[in-house]
Structures are given as C-alpha cells and as structure tokens.
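Chain residues, written in single-letter form:
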Amino acid sequence: MLSVKNIVKQYAAHRALDQVSLEVERGKIFGLLGPNGAGKTSLIRIITQITAPDSGEVLFNGERLNANHISQIGYLPEERGLYKKMEIGEQVLYLSKLKGLSTAEATKRIKFWFEKLEMAGWWSKKVEDLSKGMQQKVQFVATILHQPELIILDEPFSGFDPVNADIIKNEILELNKQGATFIFSTHRMESVEELCDHIALIDRSKKILDGSVDEIKATYRNNTYWIEYEGDYNVETAKGIFEVLQTENVKGKTLIKIQLQKDRTANEVLSALLPYVAITRLDEVIPTMNDIFIDKVKRQDYE
Amino acid sequence: MNKILLIIRREYLSRVKKKSFIIMTFLTPLLIAGIYGLIGYFTYKGIKDTHDKIAVVSTNKTLTDKLASDKNIEYDYVSKGLEEMKKSLKTSDYDYVLYLPEFDLKAPKGVELFGAKQAGLSLNNRISGDIEELIRNQKLKESGIAQADLDQLKTSVDIETKKIADTGKEESSSAGASTVIAFIAGILMFMFIMLYGIQVMRGVIEEKTSRIIEVMISSVKPFQLMMGKIIGIALVGLTQFILWIVLTLTISTVAVTILADKVDVKKIAASTQSGSQVTTGTQVVSPAQGPLLDIQKSLAGLDFGKIVSVFIFFFIGGYLFYSALYAAIGSAVDSETETQQFMMPVMMPLLLGYALSLSVVTNDPYGNIAFWLSMIPFTSPIAMVVRLPYGVPNWELALSMVILVVGFIGTVWVASRIYRVGILMYGKKTTFKEMFKWFTYKN
C-alpha cells in the first residue's frame, strides 16, 4: 500500500536519506530499524508529509502522496506531547477534528476508547495531572482515533510500563487484524521483533537490509546448536559431523555449543552422542534481530 | 481552511477562558479609572487644602511691595530677627521662615527658606515665582511704569486652534487634547504589539517544549499552525481592546453621572486652572473656561470613529508584522531563556518607534521624521496612531496602510520559512546564520 521510491533528503552538509526504497504491504506490521541518527525519522517525516524529499517519490495506494492522505495516516512521533493546560477529552477531540472527524463522531469514538482502555473519567483531567504512562495512552488513542489505514509508531514502547505496554501491544494486534497496516520505527529491536512481519534496516542514510523476518532469520542461521547433557563424557569434535565451539559445566550438566559441518543434520549429531550421554536439551541457535542488527551495523563500520 | 479555523478557535478559546485574561480585562479599566480618579481627587483636594503659613524675615530695602497672600499661602512679615525666628519655628504656628536679604535686583541671591519639614517642589516653585513676580514689578516700576499700566499689561490670550479640514470646514481642535489622545494611542499600541507578540512566541515555545508540535504537524501544515496561532491571539487582543473601550466608556459614564451630582465640573476646572496659574500672579484674567473643559470640548471635535478604526487596522497590521517575527523566534529556541539574543533586534525598532513617536512626532507631527516613521512598517503602527489625532492627509494614511500590509505579508513569509524548520529542531543552539540557512531550505 506504501511504496517509497529512491528517496533522497539532504540537510545542508548532511545527507539524511540516500536512495532509500521500501515496499510496505497492506495488513502487515513493518519494522523500520536502525541506530539513532540513521535517517528513520527523516523517512517517516517524508511519509507523513511533514517534509518533502529532494528527489524520489512516495506512493500511497498507488497515488502520489498528497494532502488527502493525511487523514488516512496516523502518526505517533517519538517526540510526543500534549497541551499541558488543556483537558484530555478536549485535546483528543481537537486532534481528531484536525484529522477530519466530525465533533459527534469523534466524541463517540473517544468515549468508546476511553472505556476500553480504562480511561473513563479522564475527560476533564488536565495533562499536568497525568502520569507519563497515562499520557502515552492518551496519545495512542489520539493516533488511532480517526481509523487510519496506515499507523506509524515511532519508538512506540518507550516510556510505557510493562502492564500498559502489553495493553497497547494487544490493541495494535487487534487493529492489525481489522486491517490496519503498521510501521514501527525503533532502535530497540527486541521490543518489536515478535510483532513485525517484515523489516528494513537503515544505517547511515542507506537501507542495508530488507525482507520478511523469517527470511532474514533463515539467512542468518549458521547451523549452530546448544546441546545439554548428563554424563561423565567429554564430547570432542566428531570428525566430519560437527565442531564444538564452547563447553560449560552447569550444576552437574554439561552445555556445549556446536556447529554442524557442511550438509550434516542435527539427527546425525544426536546419533553420534546418544550412546555415551543422556541428552536433556537441544536448541538451534537462531540469531535475534538484535544480533543481526549489530552484526550488520558493525560490518558496515568495518567496511 | 477548515483546519486553520479549528486552530484559531482553540488558540482563542484557550486564552479567553483563562482566569488571568478575564481578570485583566475587567480589572484594568477599573484600575485605570481608579488611579485617575485618585490622582484627580488628590490634586483637587491638595490644591484646596494646602495652606502654608510663612514668616517672612526681610532685611531687603529694595523691594517696596510685599509678597501677597492668598488662600493657599500666607506671607506674614515679622520684625524679629532671622536667628530668633529659626529658633522659635517649632513652637510657633508658622510652617516656614523665608529670609529675604538685601540683594541686587539684577542678580538676586541669598534667599533662604527654613522649615521643620522639607518644602515640596510646588511650594518652592510657588514662592520663587512670587518673588520673581515681585522683582519684575519692582524693575518695571523703576523704569517708570505706573502700577495701573502694569495691571493693564496682564492679558491672557487663549488661542483657539482650528484646523481647516480637506473639505474646507473648520474643525475645532486643541494641541492639548490631540497630545493626550496621541499618547494614549501610542502607549496602547506599543503595549498591545509587545504583549500579544510575546504571547505568540510563548505559544510556539510551549508547543515545542511540550513536544506536541510533531503530532500537530502531521495533521496540519506548519504555515496553518503558525497563522492559526497568530490570528487566534490577534482576536484575543481585539476582544480585550473592545471590552476595554466598552468598559471604560461605561465606567466613565457612570462615574461622571455620579460625580456630576456632587461636584460641579466647572468648579474643578476653575480650581485646577487657578492652581496652575498661581505662579504667574494673583490677578488672573480668567478665560471663560478652564483647560479641562477646553480639552473636553476639543475631544468632541476629534473623529473618534476614525481614530478607533485606524487604531484597530494598525494594531492588526503591526501585530501581524511583529508576531510573525516572534513566531520565528519561538520556533528557533528550546526555551524562553534562549530568546534574548533574538528578541533584541525585534524589540529595538519597536522601542525606537515608541520613543520617537512620543517625543519627536508629538512635537512636530507633520515633520519629515514623523512622516518617515509613519511609513516604515517597523515603526508605522505606533507613529501613525500618534500622528492621527493631529490630522494626517488621507493619501499618507493609505500609503502607510499599503506599506504595512506588504510588510506583514513579507514578515509572515520569512517567518513561516524559518518556523517550518525551527519547530522540528531540538537541542541545538540556534544562531542567525542557522536561521538564514533554514530560510533557504527548499521544503
């Protein structure tokens, strides 16, 4: 539904985005990852029409991005806040009217969401009287109230306590089920890993990785396993099957990390070991997005 | 367009509903009326009530006449010596002892005034005025002019200034009344532009520090947000101004009706007049009216409808001109403490315009300086409303208005280009160079 094509954005001497292209499919949760200052926020500001690219274009449902799309996008920026002296209800009403909702419709929806997120009775409270977590909830409601097709959340879980983070996560999944497309932007991979279908990694203004989470993880698998066993036996490198990378003794058990040789399987490892030890655990070492991220970024550094 | 209206509405309502706005709006006219009332009351009472009894110790043989007493001051020539009078001053019922030594009429020296308390400025002026009068009369007499002729010399001329309007009709005017109106208009204009301009700046900074700006900017264009804020606050200013006029008129009407029963206005006028003329002598050839009534009369000669509507026009124009600059400043900083370096260049022309308008322009409302000050949009809002009560040719007024409109379109354009970049910048110390760079950014 969203195609970003060859975007370039230049700020004086600093190039914030360099030929960045992305495809976000409808109904997916898309993770836009990258270290601080990589250009994520610059890209989001272009998608939300806060700024315009120097070259390249953004298509929304096949149409070139224009003012009509503002009401179809919901954006929760990383730097978010509310008017301190304004009543919560008035404030959300104001923000959603700016997105094009009528007073009656907006009021109805605000009441619905306030009820749902246990915020009933907050209408005439002022922001000054709310805790940070409570403010985040208000901001979340303001972001999604106009039922945008595309919801962009920049660092969505920073500042949330675990309980509220969970509530919001569930709401995101539910909205996603109803058809909303999400873009998460973050530098903390672990917070979004389980939610994202697809990710793109941006580092120093360039896209360096793009693909579905499963695919990427598959590429970064390197046939490494954790094996835990009981028994007084020192496993050594079995010729032709695997190589032991690391050995640890934990509470009478032994934990080893092995890497398969080419074209070998975990089954072959098990049959090689079974005669000597009692195996209690076998885990494939799957790199987390965090590992991949660090690995990728470091490799860039090296180059 | 709909969005800008929503923004204007919020900016307007959130300010008008504030307690401080309501208090300011209703209290200020009361306060001003109260202060003027008190000043008027005490001046009136002071003039009526002062009565100083002065013992005059004179060793002067040259002055043949004596200082004349009236209801405010009583000169009592005593025969005792100066030292003796000084000693007994506290126990006697005299307030002061005035010592007149022998002196040369051409260079009178050595006059001294002793008192238990320091003599006030007005008493001091009064006594020196009386002595000067005495010396003047003495000199005239010595040159052979008879007292009768002297008395005849005193004529008071009251110039009734009339302005010939473009239509050829004579309009009654008074330099005094025009100056009063000019001052009030100038001060009000300066206050309004300053106060509301700074409110715009505060509003922008508030949106930046509370970090709502990016949420807003994803829904509306920076230009819409800036203009919405500027217009919303302008309406707050207009509301306040109109309420002040209405309230002041109501209060003064009520006050005049109440006072009119108790005090005859003419009496006040007459007494303030004698108060101001006592220094020139005791025999006053009274003009038919006091200056107060005079001002009242020529106030009626001024076209208030025109003054108020031109004031409102220049308020809106001047406010737009400056508030756009204030908005740009607000967008460039992270907190109000950082605004200083940018405030200076914006404040200077306004202050300069204010100072020059109230001095040079009121002195010479048709001069070159007055003309240019009322054309340059940095100073024209103040200079023009100051000139207005003296009468300004219509073409000058129109030209100044056009220049101001062009001016504020210019500042709004420049400011909006700085604003759109500045509002999204955090944690960077901004310089003028930086602001210029923002201005040149494409989008």
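Residues numbered from 1 in each chain as written. Chains lettered and ligands numbered in written order. Predicted model: local features only at pLDDT ≥ 70, side-chain atom pairs only at ≥ 80, totals over all residues. Heavy atoms only, no water.

A.B. asks: Please explain the pairing of strand β13 (residues 253-260) of chain A as it appears in this structure.
C.D. replies: The side chains of a regular strand alternate, first on one face of the sheet and then on the other. Residues and elements named next belong to chain A. Here strand β11 (residues 224-230) pairs with β13 via six bridges, running antiparallel. Among the inter-strand pairings, Thr 224 is bridged to a residue of β13, identified as Gln 259. Relative to β13, strand β12 (residues 242-250) runs antiparallel, the two being bridged by eight bridges. Opposite Glu 248, over in β13, you have Leu 255 as the bridge partner. (Pairing = 2+ DSSP bridges. Helix = DSSP H or I, 4+ residues; strand = E, 2+ residues; numbered from the N terminus.)

A.B. asks: Help me understand the packing of aromatic side chains in this model?
C.D. replies: Geometrically, a pair of aromatic rings is defined through the distance of the ring centres and the angle of the planes. For the structure on display, the rule yields 21 aromatic pairs over all chains. On the basis of an interplanar angle of 70° and a centroid distance of 6.3 Å, the ring pair of Phe 157 of chain A and Phe 184 of chain A is categorised as edge-to-face. Of this pair, Phe 157 of chain A sits in the loop between β7 (150-154) and α5 (162-177) while Phe 184 of chain A sits in strand β8 (residues 181-186), placing them 27 residues apart in sequence. Note on Phe 157 of chain A: relative accessible area 9%, which makes it buried. Phe 184 of chain A gets classed as buried once you look at its relative accessible area, which sits at 0%. For the pair Phe 436 of chain B and Phe 439 of chain B, a centre-to-centre distance of 6.3 Å together with 35° between the ring planes defines the contact as tilted. With Phe 436 of chain B and Phe 439 of chain B both in helix α16 (residues 432-440), this residue pair falls three residues apart, about one helical turn. A connected cluster of aromatic rings, assembled from ring pairs, spans Phe 192, Tyr 196, Phe 241, Trp 244, Phe 311, Phe 315 and Tyr 319 of chain B. (Phe/Tyr/Trp six-rings, centres within 6.5 Å; stacked < 30°, edge-to-face > 60°. Buried < 20%, exposed > 50% of the residue type's maximum accessible area, 1.4 Å probe, protein only.)

A.B. asks: What's the story with the sheet that holds strand β2 (residues 73-78) of chain B in this structure? I'm lost.
C.D. replies: Sheet strands associate in pairs through backbone hydrogen bonding, adopting either a parallel or an antiparallel arrangement. Residues and elements named next belong to chain B. One open sheet accounts for four strands, arranged β2-β1-β3-β4; its pairing is mixed. The sheet terminates laterally at β2 and β4 (112-115), the two strands that pair on one side only. Across the sheet, the mean angle separating the axes of adjacent strands is 25° when strand polarity is ignored. As defined by bridge partners, strand β1 (residues 52-58) adjoins β2 across six bridges and the pair is classed as parallel. Within β2, the residue paired with Asp 52 across the bridge is Ile 73. In the packing of helix α4 (residues 121-142) onto the sheet, contacts are made with β1, β2, β3 (96-100) and β4, and the angle to β2 comes to roughly 55°. (Axes fitted to C-alpha atoms, helices over the stretch in contact; angles between N-to-C directions. Contact = heavy atoms within 4.5 Å.)

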